[in-house]
Amino acid sequence: CESLCHPAFVYLAAIYAGSHDRGTVLGVFQMGNSIGRSLFPIIHGRIFDYNWRLCYLIASLYPIIGFVLVSLCPFRLT
């Protein structure tokens, strides 16, 4: 899924950003992606050692949080 979803997310972030701040938006997007790829395995590894079911429960909340944040974000595609 990563090879299919990531280019689509980058495209959506590029469309969302205006031409004057596209570099900043894509830079912050990639920074968040890098932080997530490096920290979340460590965090979830600790949680997995504590309770493996809790690890999957927390991981299932990320898409829900993302959906809520996107739903609250007022943007216009022009």
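As shown above, the structure is provided for reference.
These numbers come from a predicted model, not from an experiment. (Residues numbered from 1 in each chain as written. Predicted model: local features only at pLDDT ≥ 70, side-chain atom pairs only at ≥ 80, totals over all residues. Heavy atoms only, no water.)

> So what exactly am I meant to see when it comes to the environment of His6 here?
With respect to the secondary-structure elements, His6 resides in helix 1 (residues 2-16). As a C-alpha pair, His6 and Leu26 span 20 residues in sequence and 12 Å in three-dimensional space. (Helix = DSSP H or I, 4+ residues; strand = E, 2+ residues; numbered from the N terminus.)

> Is there a simple way to explain the packing of helix 2 (residues 22-50) against helix 3 (residues 52-72) in this structure?
To describe two helices that pack against each other, one gives the angle between their axes and the distance between the axes. Viewed as axis vectors pointing N to C, helix 2 and helix 3 meet at an angle of 140 degrees, and their least axial separation amounts to 6 Å. Taken together, the axis directions place helix 2 and helix 3 in an arrangement best described as oblique. Seen from helix 2, the contacting residues are Phe40, His44, Ile47, Phe48 and Tyr50; seen from helix 3, they are Trp52, Leu54, Cys55, Tyr56, Ile58, Ala59 and Tyr62. Across the contact of helix 2 with helix 3, the residue classes break down as 11 nonpolar, 1 polar and no charged. (Axes fitted to C-alpha atoms, helices over the stretch in contact; angles between N-to-C directions. Parallel < 35°, antiparallel > 145°, perpendicular 65-115°, else oblique. Contact = heavy atoms within 4.5 Å. Nonpolar A, V, L, I, M, F, W, Y, C, P; charged D, E, K, R; others polar.)

> What should I look at first to understand helix 3 in this one?
Within an α-helix, residues lying three or four positions from one another point in the same direction, as the helix has 3.6 residues per turn. The end-to-end C-alpha distance of helix 3 is 31 Å, a good match for the 30 Å that 21 residues give at a rise of 1.5 Å each. In this structure Asn51 caps helix 3, since a side-chain oxygen of it lies 3.1 Å from the backbone nitrogen of Arg53. (Expected span 1.5 Å × (residues − 1). Polar contact = N/O pair within 3.5 Å; in protein donor to acceptor, adjacent residues only side chain to side chain.)

> Hey, could you run me through helix 2 in this one?
Compared with an ideal rise of 1.5 Å per residue, which puts 29 residues at 42 Å, helix 2 spans 41 Å between its outermost C-alpha atoms and is within 8% of the ideal. For helix 2, the principal kink sits at Leu39 and spans about 30 degrees; a proline, Pro41, occurs within the next four residues. When helix 2 is considered as a whole, its buried residues turn out to be Gly36, His44 and Ile47. (Bend = angle between axes of the 7 residues up to and from the residue. Buried < 20%, exposed > 50% of the residue type's maximum accessible area, 1.4 Å probe, protein only.)

> Where do I start with the side chain of His44 in this structure?
Position of His44 relative to the elements: it lies in helix 2. Ignoring any residue separated from it by four or fewer positions in sequence, one finds His44 in contact with Cys55, Ile58, Ala59 and Tyr62.

These values are about where atoms sit, not about what they do.
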